[in-house]
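One letter stands for each residue in the lines below.
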Amino acid sequence: MKPKKQKSQSTPKPENDVSTNLDKLRAKLDASLKESQQSSERQEALSAPQMPPQVILRARQLEKKGKFTKPIVKRTPLDMRWDSAELECGHPIRIFGSSEEASNTCRECTEAWLLRQARKAKR
Ligand SMILES: [Zn+2]
């Protein structure tokens, strides 16, 4: 004498449907996320020379200690704002005309060091 209960048992619970749909959606999202991660990794490998993380960390330590900081040996005003400066290592940089710094980090020396160390680390 309880037809209501029987009916509810025979029909599938709607909550289950929602959760399986969500699972499917999540799986799809995961897959597309993985795909995009893989493609960006590939792009990075193609565009940038592969730099081992330990080399980058070492370079940061050395930068803090001033390894890549070179004294400015020559300075020529370029315009109202900028000076062209020559570092002790011979590399040119641009600095603010108002800058009072007697030395500066040399990007070229830093990059050269990084490339050298990366090559060594690969061997
Ligand atoms: Zn330099």
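Q: Teacher, can you tell me more about the overall build of the protein here?
A: Secondary structure assignment for the protein yields four helices and four strands. Tracing the protein from N to C terminus, the helices and strands come up as α-α-α-β-β-β-β-α. Here the protein, with 123 residues, has 5% of them falling under the buried criterion.

Q: Please explain the environment of S84 as it appears in this structure.
A: Of note, S84 is situated in strand β2 (residues 82-87). As a C-alpha pair, S84 and R94 span ten residues in sequence and 4.7 Å in three-dimensional space. Setting aside its immediate chain neighbours within four residues, S84 contacts T76, L78, P92 and R94.

Q: Would you explain the pairing of strand β3 (residues 92-96) in this entry?
A: Side-chain direction in a regular strand flips from residue to residue, so the side chains alternate between the two faces of the sheet. Of all five residues in β3, zero are buried; the element is thus mostly exposed. The pairing of β2 with β3 spans five bridges and is antiparallel. Its bridge partner being in β3, W82 is matched across the sheet by F96. The turn linking β2 back onto β3 is made up of four residues, and G90 within it adopts a positive phi angle of 100°.

Q: Is there a simple way to explain the sheet that holds β2 in this structure?
A: With antiparallel pairing, four strands are arranged side by side in an open sheet as β3-β2-β1-β4. Looking at which strands have only one partner, the edges of the open sheet turn out to be β3 and β4 (103-105). Across the sheet, the axes of successive neighbouring strands diverge by a mean angle of 50°, strand direction being ignored.

Q: Teacher, can you tell me more about helix α3 (residues 53-65) here?
A: An α-helical segment advances 3.6 residues per turn. Residues three or four places apart therefore align on the same side. Taking 1.5 Å as the rise per residue, α3 with 13 residues should run 18 Å; its terminal C-alpha atoms sit 19 Å apart, in good agreement. Note on α3: the residue one or two positions beyond its end, G66, has a positive phi of about 95°.

Q: Is there a simple way to explain the packing of α3 against helix α4 (residues 107-122) in this structure?
A: A pair of packed helices is characterised by two quantities: the angle between their axes and the separation of those axes. It is at 10 Å that the axes of α3 and α4 come closest, and there the two elements cross at 145°. Note that α3 runs across α4; the crossing there is right-handed. Taken together, the residues of α4 that come into contact with α3 (itself represented by V55, R58, A59 and E63) are T110, W113, L114, Q117, A118 and A121. Among the residues making up the contact of α3 with α4, the classes are represented as six nonpolar, two polar and two charged.

Q: How do you make sense of the environment of A85 when you look at a structure like this?
A: Structurally, A85 is set in strand β2. On the basis of neighbour counts, which here come to 21 C-beta atoms within 10 Å, the residue A85 falls in the buried class. When the C-alpha atoms of A85 and P71 are compared, they prove to be 9.9 Å apart, with 14 residues separating the residues in sequence. With residues up to four places along the chain from it excluded, the contact list for A85 reads I72, K74, R75, I93, I95 and N104.

The rules behind each value
- Residues numbered from 1 in each chain as written.
- Predicted model: local features only at pLDDT ≥ 70, side-chain atom pairs only at ≥ 80, totals over all residues.
- Helix = DSSP H or I, 4+ residues; strand = E, 2+ residues; numbered from the N terminus.
- Buried ≥ 20, exposed ≤ 12 C-beta atoms within 10 Å, placed from the backbone.
- Contact = placed C-beta atoms within 7 Å.
- Pairing = 2+ DSSP bridges.
- Axes fitted to C-alpha atoms, helices over the stretch in contact; angles between N-to-C directions.
- Expected span 1.5 Å × (residues − 1).
- Left-handed = near helix turned anticlockwise from the far one by under 90°.
- Nonpolar A, V, L, I, M, F, W, Y, C, P; charged D, E, K, R; others polar.

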